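Structure at a glance
Now for the letters of each chain:
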Amino acid sequence: LIDYHIPERDARAVPRNASIMIAFKQPIDPASALVGWTDQTSSTARDVSADAIRVFQTGQEQGTTMRPQDFEGFVSPDKQVLILRPKALLGNPTRSSDYTVRLAAGQRGMRLWSDSGTGPSIFSGIDGRLSSQGGHSWRFEVSTAVDNTPPRVTSVVPVESGQYAPNIVVQVHFDKPLNPLSASGLVREGAGFQNIEVSATPLTG
């Protein structure tokens with residue numbers, strides 16, 4: 001069910017202030033990942049559920065001081081992207097640190113979204129081979145650096161002054177991963193994107 005995650009598996013030199021982004025192929029139930037989540041608080045940061053998600057220095061899961069409540073969580077409007085932003089810097093300033101993220105399987109783990117009530121586990125139908133304990137886990141290395149440089153646009157489609165079909169897909173490429181919540185939304189009745197503006201100027205006036 002997981003489409004991708006950032007940092008990627010075995011990523012190196014991840015900044016200490018990096019967020020963890022997990023994209024799913026289907027909508028998830030935010031209440032199974034974030035404590036106290038309701039539709040009315042969908043845009044508010046929530047603590048992360050200790051039952052569903054663990055982030056810890058590799059090999060120190062039992063004695064780790066990194067707790068789920070040390071992250072604030074956000075969910076995209078389509079409920080398919082989960083953002084975990086650390087409240088304090090990961091690792092330390094003198095040496096690199098190895099971290100593990102573990103998503104639990106079973107009823108205490110994350111669930112799929114259901115309009116009629118509690119949905120099934122996001123790992124329903126998976127035989128547990130993704131990790132030795134079922135669910136899904138991956139590791140990455142946190143560096144000693146803090147990255148305060150914002151993403152930079154490297155290319156766009158369509159390009160300026162070009163002629164394209166009316167159903168062209170607008171694409172903006174960046175030099176580093178972008179927080180998808182800063183560029184997500186549904187354009188409907190004058191509302192939608194907050195950081196992207198799309199306007200049309202008819203050539204005939």
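Placed above this text is the structure.
Remember, predicted model here, so these are calculated numbers, not experimental data.

1. Overview of the overall build of the protein chain
Scanning the protein chain from terminus to terminus reveals zero helices and eleven strands. The N-to-C order of helical and strand elements in the protein chain reads β-β-β-β-β-β-β-β-β-β-β. Across the 205 residues in the protein chain, those meeting the buried criterion constitute 34%. Sequence-distant contacts, at least 24 apart, represent 63% of the contacts inside the protein chain between residues at least 6 apart. Put simply, the protein chain shows about 12700 Å² of open surface, and 48% of that area lies on carbon and sulfur atoms.

2. Overview of the pairing of strand β8 (residues 97-103)
For a regular strand, the rule is simple: side chains alternate between the two faces of the sheet. Where burial is concerned, most of β8 is hidden: six out of the seven residues are buried. With five bridges connecting them, strand β5 (residues 53-57) and β8 associate as antiparallel partners. When the sheet's bridge partners are listed, I53 is paired in β8 with L103. Looking at chain direction, β8 and strand β9 (residues 136-142) are connected through seven bridges and run antiparallel. Note that in β9 the partner of V101 across the bridge is W138.

3. Thoughts on the environment of D175
Here D175 shows up in the segment after β11 (171-174). Separated by 23 residues in the primary sequence, D175 and R152 have C-alpha atoms spaced 5.7 Å apart. Setting aside residues up to four positions removed in sequence, D175 forms contacts with P151, R152 and T154. Within the local environment of D175, its side chain forms a polar contact with the backbone nitrogen of R152, the two atoms lying 2.8 Å apart.

4. Thoughts on the nonpolar core
Considering soluble globular proteins, one finds that nonpolar side chains tend to be buried as a cluster. Core analysis: the biggest nonpolar cluster contains 30 residues, and I20, I53, L82, M110 and F140 have the highest contact counts within it. Where this core is concerned, the elements lending two or more residues are β2 (11-14), β3 (20-24), β5, β6 (71-75), β7 (81-86), β8 and β9. One finds M21, F74, V81 and I83 within the second-largest nonpolar core, a separate group that totals five residues.

5. Quick word on the pattern of salt bridges
In total, this model carries eight salt bridges according to the counting rule given. Notably, a salt bridge pairs E72 with R85, separated by 2.7 Å at the nearest N-O pair. Pair noted here: E72 is in strand β6 and R85 is in strand β7, with a separation of 13 residues, a long-range link. Overall, the relative accessible area of 36% leaves R85 in the partly exposed class. In this structure, D175 engages R152 in a salt bridge whose closest nitrogen and oxygen atoms are separated by 3.9 Å. In this pair, D175 sits in the segment after β11 while R152 sits in the loop between β9 and β10 (153-157), placing the two residues 23 residues apart along the sequence.

The rules behind the values
- Residues numbered from 1 in each chain as written.
- Predicted model: local features only at pLDDT ≥ 70, side-chain atom pairs only at ≥ 80, totals over all residues.
- Heavy atoms only, no water.
- Helix = DSSP H or I, 4+ residues; strand = E, 2+ residues; numbered from the N terminus.
- Buried < 20%, exposed > 50% of the residue type's maximum accessible area, 1.4 Å probe, protein only.
- Contact = heavy atoms within 4.5 Å.
- Areas by Shrake-Rupley, 256 points an atom, 1.4 Å probe, with all protein chains shown as cover.
- Pairing = 2+ DSSP bridges.
- Polar contact = N/O pair within 3.5 Å; in protein donor to acceptor, adjacent residues only side chain to side chain.
- Core = buried A, V, L, I, M, F, W, Y, C linked by side-chain atoms within 4.5 Å.
- Salt bridge = Lys/Arg side-chain N within 4 Å of Asp/Glu carboxyl O.

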